[in-house]
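Remarks on the overall topology
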Amino acid sequence: MDSSIISEESDHHSHQHTHDEEGSKMFGFIVFLLSETFIFLGFFTAYIVYKTANPNWLPAGVSGLEVRDPAINTVILVSSSFVIYLAERALARHDLLKFRQFLMLSIAMGSYFLVGQAIEWSHLSFGFTTGVFGGMFYLLTGFHGLHVLTGILLQILVFGRSFIPGNYDTGHFGVNATSIFWHFVDVIWIVLFVLIYIWQ
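Notes on the structure in this doc start here. Note that the structure is predicted; figures quoted are calculated from it, not measured.

Re the pattern of salt bridges
Across all of its chains, the model carries one salt bridge by this definition. With a closest N to O distance of 3.2 Å, Arg 68 and Asp 69 form a salt bridge.

Right, dumping it as structure tokens:
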């Protein structure tokens, strides 16, 4: 048999194996995200039930939450979903320079959000133990903030791996999974922002 035919068959089987392996990984990742979704849904349901049952549940001396700065943070975080999408598209075109630039911008936007949240926490007049509202507020925003931090670390990881020669030649599972996770984090925050800051 011609050696070129053998080589082509070998490449085909190798590509098929890589494709199947990435498919299995992505399935497991989606299952993980579904489990995270159910956790957040549980928190959302608890928040709605407690708020509905206690119309005046804000801590004493607190008339409501400041919305302007959290709204700015929200716009920046949600916009980063578009930026990481551009990073994905750049990688698909094998444009590592653009990939790194967009990824760095996404990391910076996520970090800005976390810093903004930390500043907000430092100026609040209530704490985690200040009634049900205080506990729910810090639990929801803190748990989400942990996911934002995780997303940033994942982006730093795939950014660093882009400097390994040929690392993304055979597949982009890590980048795709990181991007999906980041979109998930953004969607969850939109729901949180509406529940906590808009529905006061």
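Re the packing of aromatic side chains
This structure, assessed with the given rule, holds 20 aromatic pairs. Centre to centre, the rings of Phe 40 and Phe 44 are 6.1 Å apart; their planes meet at 35 degrees, and the pair counts as tilted. A residue pair is termed a helical-turn pair when its members lie 3 or 4 positions apart in one helix, as Phe 40 and Phe 44 do in helix α1 (residues 3-53) at four residues. A residue is classified by how much of its surface remains accessible, and Phe 40, at 1% relative accessible area, is buried. Directly above the ring of Trp 199 sits Lys 51, whose terminal nitrogen or CZ lies 5.0 Å from the centroid. Just above the ring of Phe 163 sits the side chain of Arg 100; from NZ or CZ to the centre is 3.9 Å.

Considering the nonpolar core
One finds Tyr 47, Phe 99, Phe 137 and Ile 196 to be the most contacted residues of the largest nonpolar core, which totals 42 residues. Elements that contribute at least two residues to this core include exactly α1, α2 (68-92), α3 (96-123), α4 (131-161) and α5 (173-198). For this core, the leading source of residues is α5, giving 13 residues. Other than its neighbours up to four places away in sequence, Ile 196 contacts Tyr 47, Leu 65, Phe 137, Leu 140 and Thr 141.

Observations concerning the packing of α4 against α5
Geometry of a packed helix pair, given as the angle between the helix axes and the separation of the axes. Contact geometry of α4 with α5 gives a least axis separation of 10 Å together with a crossing angle of 160 degrees. The angle between the axes of α4 and α5 places the two elements in the roughly antiparallel class. Classified by chirality, the crossing of α5 by α4 is left-handed. Mapping the contact onto sequence places Phe 137, Leu 140, Thr 141, His 144, His 147, Val 148, Thr 150, Gly 151, Ile 152, Leu 154, Gln 155 and Val 158 in α4 and Gly 174, Val 175, Thr 178, Phe 181, Trp 182, Phe 184, Val 185, Ile 188, Trp 189, Leu 192, Ile 196 and Tyr 197 in α5.

What about unusual backbone geometry?
The phi dihedral of His 94 is positive, around 65 degrees, even though this residue is not glycine. One can find His 94 in the loop between α2 and α3. According to the relative accessible area criterion, His 94 is exposed, its value standing at 58%.

The rules behind each value
- Residues numbered from 1 in each chain as written.
- Predicted model: local features only at pLDDT ≥ 70, side-chain atom pairs only at ≥ 80, totals over all residues.
- Heavy atoms only, no water.
- Salt bridge = Lys/Arg side-chain N within 4 Å of Asp/Glu carboxyl O.
- Phe/Tyr/Trp six-rings, centres within 6.5 Å; stacked < 30°, edge-to-face > 60°.
- Helix = DSSP H or I, 4+ residues; strand = E, 2+ residues; numbered from the N terminus.
- Buried < 20%, exposed > 50% of the residue type's maximum accessible area, 1.4 Å probe, protein only.
- Lys NZ or Arg CZ within 6 Å of the ring centre and 35° of its normal.
- Core = buried A, V, L, I, M, F, W, Y, C linked by side-chain atoms within 4.5 Å.
- Contact = heavy atoms within 4.5 Å.
- Axes fitted to C-alpha atoms, helices over the stretch in contact; angles between N-to-C directions.
- Parallel < 35°, antiparallel > 145°, perpendicular 65-115°, else oblique.
- Left-handed = near helix turned anticlockwise from the far one by under 90°.

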